[in-house]
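Chains, contacts and geometry: an overview
Spelled out, the chains give:
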Amino acid sequence: MAKSVGLAQAIGWPEVFNPFQVTTLHIAINPTDWENIKRDTNVYNPALNIRVPCEMWAEGETNRLTVQIRRKSDSALPSEADPVKVSLKIDINEYVTGQEWRGLKKLSLENGGGGNGILKEGLAMNLHRIASEHGFYGYEAGYASWIRLVVNGQYVGLFSSPEQRDKQFMRNRGIYKPGASWLYEINPGTTLDTSVALTNSPTYNQLCYLPFGTACSKPNLESDIPQWVNIEAMLALAAIETFISNTDGLFTKNGKNTFAVDMLPSTQHRRMYYPWDLDAGFNDTSLNIYSGGPGQASSRKYQREILDHSWFRQVYRHTFTDLLDGPLSTATLTAYCNQLEAALTPFINEDPYAGGAAASQFASIRQYFTNRVANVRSQIGAVTGWPLFNQDGGEIIPSFQLSITHTNPTGTIYYTLNGADPRAVGGSPAGATYAGPLTLTNTTHIKARVLSGTNWSALRQATFNIANYASALRLTEIMYAPRPDGTNSNAGEFEFIEMKNTGSQPLSLSGCFFEGIEFRFASGTVVAPGAFIVLVRNPAAFEQRYPGVPYHGVYFGGLSATGEKIRLKNSDGNNIFSVFVTDGGVGDA
């Protein structure tokens, strides 16, 4: 059922970007200022761009916030001569330092005049979100929703509202860490956001070669890029970009309309990419997924350097296939469009500049998806199928027999039990050859691929857990509510958690994860008998206070000042330990 809500009814920033709820937003502004903003043509000149105060509130709210409003660059609708509906940027904390609106400091309202319309632009952003929720990114994608705007009591129209990529975006995801995180805009050069950091990241300095920069010669791309960039997520982004035929993006143009986040430690938290400004797409069901885009092919540097690379192209084909079998399948997308159509229809039909009747727009989108899925599959062609396990991970009893098969006409299965890829850089086998069932006596993480001729399958991996296997792991110290530092007012940045293997056998923590804080142990993580393992909230702060003390990883989020329940679980979600932390100490939860 369609709903229009005020943010007073929502809970925090994620609900602002619920695609199935339309928020009615009110603006009270001097009428002359409003007319001037609608006719402002200096949108690319900050010195001349009209920026004025106004009051803003959501329907159902009583607290009116004083914010700044200005016009953005999209064409006015229906025309510049009659600018009823223009794209807007709202700066929530421009006049009141630290002011937030449901956890946000900026709002971007897109009128649909810049390309494919408000429905398709918002939908494009949500396809990345769907893929993220299916595990294709390994991190939380950017969000987008739709907002119904009323100015001085007069209805203006329906707008798509993508989540602004800024420091607050990072804070809301727990990935802003002073001195240990960076935000870059790629459009097409790479520009540092100096509100996040003042000097470049180690990742930026390392990626000085094409397609990222031009200051140094290229190393072995297959070896270097995956150390610094979440290449799996990057290729998922490329696949979705070409699936929707967005020809104004990172891969399909000259490296555009994308943001990147770097963090410390750089090779553990590899670069994360977030698309932006998705107003060009859904118009070419036959766009080439390897070389499509405007202008000279040589200008599309990410496409040329990465998608033309023999191994990255194989991974891209497998990623695309998995997307088409999951979140980008015709069935999944049809179901999503059905739900979205029910939510948005009255609001689209209310707006004379929203691109036409909702029913015809959704019918066109569904037909696009049907045609595009078939076309992309024909471009990908056949791929080598991945290995099949007789059990998809989970809890097992000691001496469980793991069998591995595949459905390809020919091929050899290679596997590892130490977290390494069974395919070496360059393409040679790096794992053991599967010759029969494996007997598992301890918690084990397995990675496997099929090699058929010169073609490798996608990676298949799973964790098999022995019940109570990690009971010897003890939580030995929690730095909760640490003392503040004279140069850092956020004392929480100095938090850390220490654990110890109190047993006599090595412990595998592959796939184990925390609740209360956000951290998942990588495959192949093993704690030796008697060894400690330390997780920190901010590596820069930890190294400042405890110089030379090693740590294993960096967690997202932090410990609540009012008390925090922390659970460590194995990959199946079963508790290893659970504690409640308060100023009074630590106790079992």
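These figures come from a predicted structure and were not determined experimentally. (Residues numbered from 1 in each chain as written. Predicted model: local features only at pLDDT ≥ 70, side-chain atom pairs only at ≥ 80, totals over all residues. Heavy atoms only, no water.)

1. As for the overall build of the chain
Stated precisely, the cut-off is as follows: Numbering of helices and strands runs from the N terminus, with a helix taken as a DSSP run of H or I at least four residues long and a strand as a DSSP run of E at least two residues long. Only protein chains enter the accessibility calculation, which uses a 1.4 Å probe; a residue is then buried when its area is under 20% of its type maximum, exposed when over 50%, and partly exposed in between. The contact criterion used is simple: two residues touch if any of their non-hydrogen atoms lie within 4.5 Å. The Shrake-Rupley method, run with a 1.4 Å probe, gives the accessible areas here. Residue values count only the displayed protein chains as cover.
Each helix and strand counted, the chain has 12 helices and 34 strands in total. Counting across all 589 residues of the chain, residues that qualify as buried make up 55%. Pairs at least 24 residues apart make up 64% of the contacts formed inside the chain by residues separated by at least 6 positions. About 23,600 Å² of surface is accessible on the chain, with carbon and sulfur atoms providing 49% of the total.

2. A short note on the nonpolar core
Rules: Grouping buried Ala, Val, Leu, Ile, Met, Phe, Trp, Tyr and Cys residues that are joined through side-chain atoms within 4.5 Å yields what is termed a nonpolar core.
With 85 residues, the main nonpolar core has M234, F243, Y273 and F369 as its most contacted residues. It is helix 7 (residues 231-243) that contributes the most residues to this core, 10 residues altogether. Not counting residues within four places of it along the chain, the set of residues in contact with F369 comprises L123, L127, F243, F282, T330, L333 and C337. Core analysis: the second largest hydrophobic core is formed by 41 residues, Y415, Y469, L509 and I533 among them.

3. So, the pairing of strand 4 (residues 65-71)
So the rule is basically this: Paired strands, as defined in this entry, are two strands with at least two bridges between them according to DSSP.
Extensive coverage of strand 4 is indicated by the burial of 6 of its 7 residues. Taking the residues between adjacent antiparallel strands as the criterion, strand 3 (residues 51-58) and strand 4 are bridged by 6 residues, where G60 takes a positive phi near 100 degrees. As defined by bridge partners, strand 4 adjoins strand 7 (residues 88-91) across 4 bridges and the pair is classed as antiparallel. Across the sheet, the residue bridging to Q68 is D91, located in strand 7.

4. Considerations on the state of the cysteines
Basically, it comes down to this: Only a pair of cysteine sulfur atoms within 2.5 Å qualifies as a disulfide here.
Tallied over the full model, the rule gives 1 disulfide. Residue pairing for C208: its cysteine sulfur links by disulfide to C216, the two sulfurs lying 1.9 Å apart. Taking the sign of the torsion about the S-S bond as the criterion, the disulfide between C208 and C216, at about 95 degrees, is right-handed. Here C216 falls in the partly exposed class, since its relative accessible area comes to 29%.

5. Observations regarding the environment of Q21
Its place among the elements puts Q21 in the loop between helix 1 (12-16) and strand 2 (22-28). Assessed through its relative accessible area of 16%, Q21 is described here as buried. Linking Q21 and W146, residues 125 residues apart in sequence, is a C-alpha distance of 7.7 Å.

6. Focus: the sheet that holds strand 11 (residues 181-186)
Sheet strands line up and pair through hydrogen bonds in the backbone, either parallel or antiparallel. We apply this condition: Where helices are involved, their axes are fitted lines through C-alpha atoms of the stretch in contact, as for all axes, and angles between N-to-C directions lie from 0 to 180°.
Spatially, 12-11-13-14 is the arrangement adopted by the 4 strands of the open sheet, whose pairing is antiparallel. Edge positions in the open sheet fall to strand 12 (190-192) and strand 14 (272-275), since each of these has one partner strand only. The mean inter-strand angle of the sheet, taken between neighbouring strand axes irrespective of direction, is 25 degrees. Taken together, the 4 bridges between strand 13 (residues 258-263) and strand 14 define a ladder with antiparallel strand orientation. Looking at the pairing, V261 lines up with M272 of strand 14.

7. Notes on the sheet that holds strand 25 (residues 473-479)
Strands sit in the order 25-26-30-31 across an open sheet of 4 strands; the sheet is mixed. Looking at which strands have only one partner, the edges of the open sheet turn out to be strand 25 and strand 31 (553-554). Pairing analysis gives 5 bridges linking strand 26 (residues 496-501) to strand 30 (residues 532-536), with the strands arranged antiparallel. Among the inter-strand pairings, E498 is bridged to a residue of strand 30, identified as V534.

8. Regarding unusual backbone geometry
For the bond from L77 to P78, the omega torsion is 0 degrees, close enough to zero to count as cis. Note on placement: P78 falls in strand 5 (residues 77-78). For the bond running from N187 to P188, omega is -15 degrees, close enough to zero to count as cis. Within the secondary structure, P188 is located in the loop between strand 11 and strand 12.

9. What to know about the pattern of salt bridges
Quick reminder of the rule: Between Lys or Arg on one side and Asp or Glu on the other, a salt bridge is scored when a side-chain nitrogen of the former is within 4 Å of a carboxyl oxygen of the latter.
Applying the stated criterion to the full structure yields 26 salt bridges. A salt bridge links R102 to E61, with the shortest nitrogen-to-oxygen separation between them at 3.9 Å. Of this pair, R102 sits in the loop between strand 7 and strand 8 (106-109) while E61 sits in the loop between strand 3 and strand 4; the two residues are 41 residues apart in sequence, bridging distant segments of the chain. Judged by its relative accessible area of 29%, R102 falls in the partly exposed class. With relative accessibility at 15%, the residue E61 sits in the buried group. Residue K256 pairs with D248 through a salt bridge whose shortest N-O separation is 3.4 Å. Each of the two residues, K256 as well as D248, counts as buried. One network of salt bridges, in which partners are shared, links E35, K38 and R39.

10. Digging into the pairing of strand 7
Consecutive side chains along a regular strand alternate between the two faces of the sheet. Both faces of strand 7 are covered, namely the face carrying L88 and I90 and the face carrying K89 and D91. Summarising the sheet, strand 7 and strand 8 pair through 4 bridges and their orientation is antiparallel. For K89, the partnering residue across the bridge sits in strand 8 and is S108.

11. Considering the confidence of the model for the chain
To be explicit about the condition: Per-residue confidence from the predictor is reported as pLDDT, a score between 0 and 100.
Looking at the chain as a whole, its pLDDT mean stands at 93, while 96% of the residues score no less than 70. The low-confidence segment residues 1-11, where pLDDT is below 50, has 31 contacts with residues more than four positions distant or belonging to other chains.

12. Some words on helix 7
Basically, it comes down to this: Multiplying 1.5 Å by the residue count of a helix minus one yields the expected span of that helix.
For helix 7, with 13 residues, the first-to-last C-alpha span of 18 Å sits near the 18 Å given by 1.5 Å per residue. Burial analysis of helix 7 places 12 of its 13 residues in the buried class, which makes it a mostly covered element. Taken as a whole, helix 7 has its buried residues at I231, A233, M234, L235, A236, L237, A238, A239, I240, E241, T242 and F243. Phi turns positive one or two residues past the end of helix 7, at S245, with a value near 50 degrees.

13. Some words on helix 10 (residues 330-350)
Residues lying three or four places apart along an α-helix face the same way, a consequence of the helix completing one turn every 3.6 residues. Definition in use: One axis fitted to the seven residues ending at a residue, another fitted to the seven starting there: the angle between these axes is the bend at that residue.
Between its terminal C-alpha atoms helix 10 stretches 29 Å, which fits the 30 Å expected from 21 residues at 1.5 Å a residue. The sharpest bend along helix 10 reaches about 55 degrees and sits at L344, with the proline P346 one to four residues further on.

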